[in-house]
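Now for the letters of each chain:
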Amino acid sequence: MQNKFISALKSILRNTEDFFRSQQWKEILVFLFFLLLSFGFWLLQSLQEDYEQEIELPLRYKNIPPEWILSEDNPEKISILLKDKGSALLYYSWKSHFSPVDIPVSGLPRSHDQSFHVTSQMLETAMSKQLISSTSIISIEPREIVVKYDSLGSRRVPVVPNVTVNTRPGFQQSGDIEISHPEISLYGSRKILDTLNSVRTKLITLENASETKELTADLELPAGVKAAHETVKLTVPVEEFTEKRLRLPVSCYDIPAGYTLRIYPSSVEVVCDIPMSRFRELTVDMLEIRTPFDEFGANRSTGKLPVRLTKKPPWVADVTLIPGEVEFIMEQPDHD
């Protein structure tokens, strides 16, 4: 059975080889060659003739003022009828993607009915940038675009930085974060704007910071709200810190007439961390421990009062008072 199959296969191969060597096959090859050559000449001649072709281009509205919102029914694409040689139109057929036609909204004249008009000349100028110089535009549909918009309510609110700063050992944030736009104008429905008293930046986390960082932060805007600036620049001051010790008096204010207050000790040591660049800047007059008389009165039964720093620059950190509490004696006037 196997020998019969092999014999049949060899017979088929011999017949096929004989056919390709025959005069008949050579005549077929000659016929196919001239047929292909004729098709090539026809195609070249056809591509040199003028044809018309319709293509669609998407529209892209740019430079929209932040106080506007475009209506949803504005056109998203246009159709244009082109005329050119077949070779040029064949190129457009192969080009599967056309860039959007940009319409710069802010530069267009506005009408009183909250709309602006894009003329066919504007569209033709914008579209010509994507066409071969020999291509003619026969027609544009629609010939003119009326773009409608609505005006938004506005409100100016402060910007709150949302930054988590983790520093390397020995370094700390040395001041408040600076914002390129501390306040910003928001645009949207008045119902939403009335609920906003500030706008936060999206969270940024700094790890192992050892120097001042400049960041670009996106704003966290509610849906339907636009901002005059979608991003702000943040400057996060970070410096190496060092310890400084100062002696500070403990004082009391609002002491009623006739009362005498004696405090022991009358001064405490302040131990704090400050940026190295401000070591010489920090002096006693920039700090204060000043407690109202009412607090002493509330602790009269124990004769002891915890003390706290009531004034300090923002760049002073990790304050420790030694001792943390003072003893006092309150003497009040005799009543006859």
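Refer to the structure presented above.
Please read all numbers here as calculations on a predicted model, not as lab measurements.

Calculation rules
- Residues numbered from 1 in each chain as written.
- Predicted model: local features only at pLDDT ≥ 70, side-chain atom pairs only at ≥ 80, totals over all residues.
- Heavy atoms only, no water.
- Helix = DSSP H or I, 4+ residues; strand = E, 2+ residues; numbered from the N terminus.
- Contact = heavy atoms within 4.5 Å.
- Areas by Shrake-Rupley, 256 points an atom, 1.4 Å probe, with all protein chains shown as cover.
- Pairing = 2+ DSSP bridges.
- Axes fitted to C-alpha atoms, helices over the stretch in contact; angles between N-to-C directions.
- Phe/Tyr/Trp six-rings, centres within 6.5 Å; stacked < 30°, edge-to-face > 60°.
- Buried < 20%, exposed > 50% of the residue type's maximum accessible area, 1.4 Å probe, protein only.
- Lys NZ or Arg CZ within 6 Å of the ring centre and 35° of its normal.
- Arc of directions from axis to C-beta.

Colleague: Sorry if this is basic, but what is going on with the overall build of the protein here?
Modeller: When its secondary structure is counted, the protein shows 6 helices and 24 strands. For the protein, long-range pairs separated by at least 24 residues make up 75% of all intrachain contacts whose partners lie at least 6 apart in sequence. Accessible area for the protein stands at about 21800 Å²; split by element, carbon and sulfur atoms hold 51% of it.

Colleague: Is there a simple way to think about the sheet that holds strand β7 (residues 145-151) in this case?
Modeller: In a beta sheet, neighbouring strands are held together by backbone hydrogen bonds and run either parallel or antiparallel to one another. Taken in spatial order, the 3 strands of this open sheet run β2-β7-β5, and their pairing is antiparallel. Where the open sheet ends on each side, the last strands, each with one partner, are β2 (68-70) and β5 (115-118). The average angle at which neighbouring strand axes cross in this sheet is 35°, direction not considered. Across 3 bridges, β2 lies against β7 in antiparallel orientation. Paired with L70 across the two strands is Y149, which belongs to β7.

Colleague: Mind showing me how you'd approach the packing of aromatic side chains here?
Modeller: Two measures describe an aromatic ring pair: the distance that separates the ring centres and the angle between the ring planes. All chains considered together, the criterion is met by 2 aromatic pairs. Judged by centre distance (5.4 Å) and plane angle (70°), the ring pair of Y259 and F293 falls under edge-to-face. Of this pair, Y259 sits in the loop between β18 (238-253) and β19 (260-264) while F293 sits in helix α6 (residues 293-298); the two residues are 34 residues apart in sequence, bridging distant segments of the chain. Take F293: its relative accessible area is 9%, and that puts it in the buried class. Over the face of the ring belonging to F279 we find K244, whose NZ or CZ atom lies 4.6 Å from the ring centre.

Colleague: What am I meant to see in the sheet that holds β19 here?
Modeller: Spatially, β19-β24-β22 is the arrangement adopted by the 3 strands of the open sheet, whose pairing is antiparallel. The sheet terminates laterally at β19 and β22 (304-306), the two strands that pair on one side only. Strand after strand, the sheet turns through a mean of 35° between neighbouring axes, direction not considered. The pairing of β22 with strand β24 (residues 325-331) spans 3 bridges and is classified as antiparallel. The partner of P306 across the bridge, within β24, is E325.

Colleague: Sorry if this is basic, but what is going on with the pairing of strand β17 (residues 231-236) here?
Modeller: Taken residue by residue, a regular strand's side chains alternate between the two faces of the sheet. A one-sided burial pattern is seen for β17, the buried positions being V232, L234 and V236 and the unburied ones T231, K233 and T235. Two strands pair when backbone bridges link them, and strand β11 (residues 178-179) and β17 are joined in this way by 2 bridges, in the antiparallel orientation. Among the inter-strand pairings, I179 is bridged to a residue of β17, identified as L234. Note: strand β15 (residues 213-218) against β17, 6 bridges, orientation antiparallel. The partner of A217 across the bridge, within β17, is V232.

Colleague: Looking at this structure, I do not really get the environment of I103. What am I missing?
Modeller: Mapped onto the elements, I103 comes out in strand β4 (residues 101-104). Those residues in contact with I103, other than ones at most four positions away along the chain, are L59, R60, Y61, K62, L108, V118, L123 and I145.

Colleague: Looking at this structure, how should I read the side chain of T291?
Modeller: Secondary-structure assignment places T291 in strand β21 (residues 289-292). Setting aside chain neighbours within four positions, we find T291 in contact with S251, C252, Y253, F296 and L305.

Colleague: How should I be thinking about helix α4 (residues 120-128) in this particular structure?
Modeller: Since there are 3.6 residues in each turn of an α-helix, residues three or four apart along the chain are aligned in direction. Buried within α4 are the following residues: L123, A126 and M127. For α4, the angular spread of buried residues about the axis comes to 95°, placing them on one side.

Colleague: Hey, could you run me through unusual backbone geometry in this one?
Modeller: Across the chain, the bulk of peptide bonds are trans and the bulk of non-glycine residues have phi less than zero. Backbone torsion omega between Y264 and P265 reads -10°, so that peptide bond is classified as cis. Along the chain, P265 turns up in the loop between β19 and β20 (267-275). Note that the residue after I322, namely P323, is joined by a cis bond; omega there is 0°. Here P323 lies in the loop between β23 (317-322) and β24. Even without being a glycine, N208 presents a positive backbone phi close to 55°. The residue N208 is located in strand β14 (residues 204-209) in this model. The phi dihedral of D254 is positive, around 65°, even though this residue is not glycine. Topologically, D254 is positioned in the loop between β18 and β19.

Take it as geometry only, folks, not as evidence of what the structure does.
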